[in-house]
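Remarks on the overall topology
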Amino acid sequence: MNKDPKETLNKNGNTIPAKEVELLDKKIIKKFLNSTNLTFADKIIVLKETTSTNDYLIKNIKNGIEICFAEKQTAGKGQLGRKWVSPFGTNIYLSIKKPIKQYQELNGISLAVAIATVEALKEYGIQKGISLKWPNDIIWEKQKLGGILIELSNKNIVVGIGLNVNMPPNFTAGINQAWCDILQITKSKPKRSELAGILLNQILTSLFEFQHNGLKPLLKKWHNLDVSYNKKITLITPQGKIQGIGKGINEKGNLLIQNAQGEIESFVSGEVSLKI
Ligand code: BTN
């Protein structure tokens with residue numbers, strides 16, 4: 001682990017002095033917000049360090065902050081109780097808090113946010129190779145680039161997005177799946193604040209649109225990005241494994257799997273594996 005939180009390591013494992021790390025700059029982030037989303041500018045906080053940006057918003061429910069970025073998470077959380085590796089000054093850790101009306105919306109929101117993340121990556125300049133694995137894994141060329149963790153707190157939903165931007169190699173021992181980062185994809189020094197601004201703008205827009213129109217207008221986009229469509233998949237759930245052919249999602253955002261009898265069943269939760 002790095003002793004000095006102001007230092008990080010590059011891809012070759014060499015220490016990069018703090019001055020070379022591009023810290024998130026709220027002014028640059030704001031430049032990428034459209035006029036509607038700019039109304040949230042006062043609700044953004046950029047922390048040097050926190051346990052988890054999701055937890056920060058859950059614990060500080062009354063302080064008016066609705067958007068939290070952090071340079072480092074000491075207890076970043078992933079899906080299914082996993083850790084989310086979150087070293088200083090390298091990746092993007094973002095959480096957004098919103099009031100929620102109906103709990104059934106949850107699956108839909110997480111898919112809408114996943115699609116918005118892909119839109120943001122395209123706007124940043126990554127046009128090829130990105131796909132989504134239900135419910136919200138951001139994939140590039142079969143490797144995980146990012147993920148989304150949605151949590152509930154009172155009547156609020158907290159949407160957490162983690163995006164690997166420039167992952168220092170000495171932090172990767174804790175990652176138990178194929179992964180990649182923006183640096184590997186673009187092969188040029190990532191512009192973290194620009195990407196953070198684009199991402200926030202796309203996600204705020206998608207949350208607003210989801211609130212008004214639901215998932216229906218996004219079904220075609222999901223279909224085009226769905227890595228498991230018409231593939232043999234295994235859905236891993238606490239109750240056991242379900243095998244079949246991926247058939248996309250329904251209007252609630254539930255996963256559709258065709259079983260051996262040809263029937264299509266829908267599932268609310270679980271983890272999709274493309275390994276049989
Ligand atoms: C996954 O396992 O795919 C979900 C990863 C979600 C990570 C993000 S980083 C920002 C927010 N804070 C957390 O502790 N987790 C989410």
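Preceding this section is the structure that the text describes.
What you see is a predicted model, and the numbers here were worked out from it, not measured in a lab.

Quick word on the sheet that holds strand β12 (residues 255-258)
Strand order in the open sheet formed by 5 strands is β13-β12-β11-β10-β14, with antiparallel pairing between adjacent strands. Looking at the sheet topology across the chains shown, the edges are occupied by β13 (264-267) and β14 (271-273). Averaged over all neighbouring strand pairs, the angle between strand axes comes to 50°, with direction disregarded.

Brief notes about helix α5 (residues 192-213)
Under the 1.5 Å per step criterion, the end-to-end length of α5 is 31 Å for 22 residues, consistent within 8% with the ideal 32 Å. Of the residues one or two after α5, Gly 214 is the one with positive phi, at around 70°.

Details of the sheet that holds strand β4 (residues 67-70)
Hydrogen bonds between backbone atoms are what pair the strands of a sheet, whose relative direction is either parallel or antiparallel. Reading across the sheet, the 7 strands line up as β3-β4-β5-β9-β8-β7-β6 and stay open at both edges, with mixed pairing between neighbours. Sheet topology places β3 (44-47) and β6 (130-133) at the edges, where each strand pairs with a single neighbour. Put simply, the sheet's adjacent strands are angled 20° from each other on average, direction ignored. Contacts from helix α3 (residues 106-124) reach β6, β7 (137-140), β8 (143-153) and β9 (156-163) within the one sheet, and its direction differs from that of β8 by about 140°. Against the sheet, α5 touches β3, β4, β5 (92-99) and β9, its axis set at about 25° to β5.

Points about the side chain of Ser 228
The residue Ser 228 is located in the loop between α6 (219-225) and β10 (232-237) in this model. According to the relative accessible area criterion, Ser 228 is buried, its value standing at 1%. In contact with Ser 228, other than residues within four places in its own chain, are Ile 233, Gly 246, Val 272 and Leu 274.

Criteria and thresholds
Residues numbered from 1 in each chain as written. Predicted model: local features only at pLDDT ≥ 70, side-chain atom pairs only at ≥ 80, totals over all residues. Heavy atoms only, no water. Pairing = 2+ DSSP bridges. Helix = DSSP H or I, 4+ residues; strand = E, 2+ residues; numbered from the N terminus. Axes fitted to C-alpha atoms, helices over the stretch in contact; angles between N-to-C directions. Expected span 1.5 Å × (residues − 1). Contact = heavy atoms within 4.5 Å. Buried < 20%, exposed > 50% of the residue type's maximum accessible area, 1.4 Å probe, protein only.

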